[in-house]
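Summary of structural features
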Amino acid sequence: GLVAKGGEWVVVTLKNLEKAKAPEPAAKYNVAANSTLTGDSAVKIHVVPDGTTLDTAYIDALTDADWSTLPVTKAAAAGEKVLVKAAAAGENLTDIDQINNEDGVDKTSEITVDETTYAAKKVVVFTMPAYNVRIAAVTTDAVAISGVYFSKTGKINAIGPNSNKDLKTIEAIAKYITKNNTNSLQGLSAVVAQDINGNPTGITLTKGSATQTVGISDIAVDTSANMVTLKVDSTEGVIAARTADYATVLGYEQITVTGASANVYIFVDAATDEAVASGTLTGTLASNITAIDTNNKLGYAKLDTTPVTVAKGGALNGTNGPSGAFLPTDVKTAGSDKLVKIGETLTIVVTAGDAVAQAANTTGATFTVDAATSTATVAELKTDGFAKNVAIAATDTVNVTLKISTPTNDLVIALEADNLP
C-alpha cells in the first residue's frame, strides 16, 4: 500500500485517461408522403422535441413557419411525437389511415397514431419509429367534388358526397371549376358569393373580363347515384339529375330539334339504345345513359320495316324487278329500331334483280321518287343509273343519293325505275 509520513506531499500520477465524450445525438429518420397526397389530401408536419410537453397550448403557439411540407429529411428521432395537419387552406385532417416504411410496406399497426386527443385542433399525432416512414393515406373533411357542369342556361350541376349546399360544399365546387378548365368550364374561374353573415348565396364565375353570378337556387349537387354525366351532341361532360327529362337536358345546351314531332327522333345511347320521339321529350333519362344525339338538331327518321321500294321501269322489267336498301353505314340501330339522319346525304343501293342482255338493254334505267307513296320530303336525288347498251347482271348495283326532311310516318322511300334520258 501507499505509505507517507504525516505532513509530507503525496504525488499520484494517473496514466492512460481519456477525455469524457458528449453523448451521441439520437438518430433521426425521414418523414415523406405518397405522391397521391396532393391538393386537399396534402399534409404537413411539426416534430415535438424530445422532453417537450405536448398539449393544446403548445399547438396553439405554433406558427405557420413551424410546420414543414413533406418530405422532411432527418425529421424526428424514434419516440418523438410528430404532429400532422392538412396543408390545404380551409381543409382539416381527421385521421391518418396508413403509414408505410420507405419500401412501401404498411406499418400502420406498429405505429401509435392518435387522432382523438387533438381532434379539436385538427391535428393527428403519431410516434416516430426507428426507421424512415411515408404517410400513405389520410382522411380530411374536404368535400370531394368529382364533376361540375355549367349549362348554357346559367345553371351549375355538380356531383359530390351528398345534396348539401353549405359553405364548404359550395367552396369545393368553386375550387373544382377553377382547377378543371375543360368542357363547359373552359376558361372559367370561380369564387363563392356570400351574404354578410357568411352564408353562400351562389358562385361568381369569371371568363376574361366578363362575370356572372349563379344563384344558390341554380346550383344543384348530389351523389353519382342521383346524377349522371353524359354527352349531348358535341358537348362532353353534361351533368343532370337522373330524374330529369330529355327536354330539360337538351334545354341545358339550348337545343331544340327542328320540326319536332312524333316522327322525328333523337338517339339515346344507353345500356339499351333508344329512339325517343322529339315531339314528346318528357320521359326521364334512360338507365345508364351515356349520350343524347339529335343529329345537330335535325333529328332522325325511323325506318319502316320495308323502308325502300323500287317500281319496275326502264331496262329493269324482269320477273323479280329491282330492289333497294339504305347503305348500312347510314343506318343507326336503336334497340329494335333503325334510324337515318334527317337533312344529311343518304345512300340507297339499288340492285337490278334480273339479268338484262346487252341487246335488250336499249333504255338503261334511272330512278325518280314517288312522292305520293314516300313518307318524307326528298331533295337532292342523284344517281348515274344503269347504263344502256350494256349487259346488266342480276346482282349489279347502283347508288341513289338523297336527303330527307319532314317525315310523316316511319320512313318509306318509294323509287320508280325509268328510262335514262
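Here we summarise the structure given alongside this text. (Residues numbered from 1 in each chain as written. Predicted model: local features only at pLDDT ≥ 70, side-chain atom pairs only at ≥ 80, totals over all residues. Heavy atoms only, no water.)

1. Structural notes on the layout of surface pockets
Note the following rule: Using protein atoms alone on a 1 Å grid, points that fit a 1.4 Å probe yet trap it form a cavity, whereas open point sets bounded by protein on both sides within 12 Å along at least five of seven lines form a pocket; residues with an atom within 4 Å of a point count as lining. Grid points are joined across faces, edges and corners, and a volume is the space filled by probe spheres set on the points. Nonpolar residues are Ala, Val, Leu, Ile, Met, Phe, Trp, Tyr, Cys and Pro. Charged residues are Asp, Glu, Lys and Arg, and all others, Gly as well, are polar. Runs of E in the DSSP output that reach at least two residues are strands. Runs of H or I that reach at least four are helices, and both are numbered from the N terminus.
Counted as a void, the largest pocket has a volume near 270 Å³. Forming the walls of the largest pocket are Gly-39, Asp-40, Ala-142, Val-143, Ala-144, Ile-145, Ala-172, Lys-175, Tyr-176, Lys-179 and Asn-180. Within the lining of the largest pocket, the residues separate by chemical class into six nonpolar, two polar and three charged. When its volume is computed, the second largest pocket comes out at roughly 190 Å³. What lines the second largest pocket is Phe-150, Asn-183, Ser-184, Gln-186, Leu-188, Leu-205, Thr-206, Lys-207, Ala-210, Thr-211 and Gln-212. Secondary-structure elements contributing two or more residues to the lining of the second largest pocket are strand 13 (200–207) and strand 14 (210–215). Per-class residue counts for the lining of the second largest pocket are four nonpolar, six polar and one charged.

2. What to know about the sheet that holds strand 22 (residues 323–326)
Short version of the rule: We call two strands paired when DSSP finds no fewer than two bridges between them. In this description, a line fitted to the C-alpha atoms serves as the axis of each element, helices being fitted only across the stretch in contact, and the angle between N-to-C directions of two axes falls anywhere from 0 to 180 degrees.
Taken in spatial order, the four strands make up an open sheet running 22-25-28-27, and their pairing is antiparallel. With one partner strand each, in any of the chains shown, strand 22 and strand 27 (377–383) form the two edges of the open sheet. Across this sheet, the average inter-strand angle for adjacent strands is 30°, counted without regard to direction. One ladder, built from six bridges, connects strand 25 (residues 346–351) with strand 28 (residues 397–405); its direction is antiparallel. Bridge pairing in strand 28 places Thr-351 opposite Thr-397.

3. So, the packing of aromatic side chains
Applied cut-off: Paired rings are identified among Phe, Tyr and Trp, the last through its six-membered ring, by centres lying within 6.5 Å, and are further divided according to the angle between planes into stacked (under 30 degrees), edge-to-face (over 60) and tilted (the rest). Any residue under 20% of the maximum accessible area for its type is buried, any over 50% is exposed, and the rest in between are partly exposed; the area is computed with a 1.4 Å probe on protein chains only. A ring is considered to have a charge above it if a Lys NZ or an Arg CZ atom is located within 6 Å of its centre and within 35 degrees of its normal.
In this structure the tally under the stated criterion is two aromatic pairs. The interplanar angle of 70° and the centroid separation of 6.3 Å between the aromatic rings of Phe-367 and Phe-386 together place this pair among those described as edge-to-face. Here Phe-386 lies in the loop between strand 27 and strand 28 and Phe-367 lies in strand 26 (residues 366–369), a separation of 19 residues in the sequence. Residue classification places Phe-386 among the buried positions, given a relative accessible area of 5%. Positioned above the aromatic ring of Phe-267, the side-chain terminus of Lys-332 is 4.5 Å from the ring centre.

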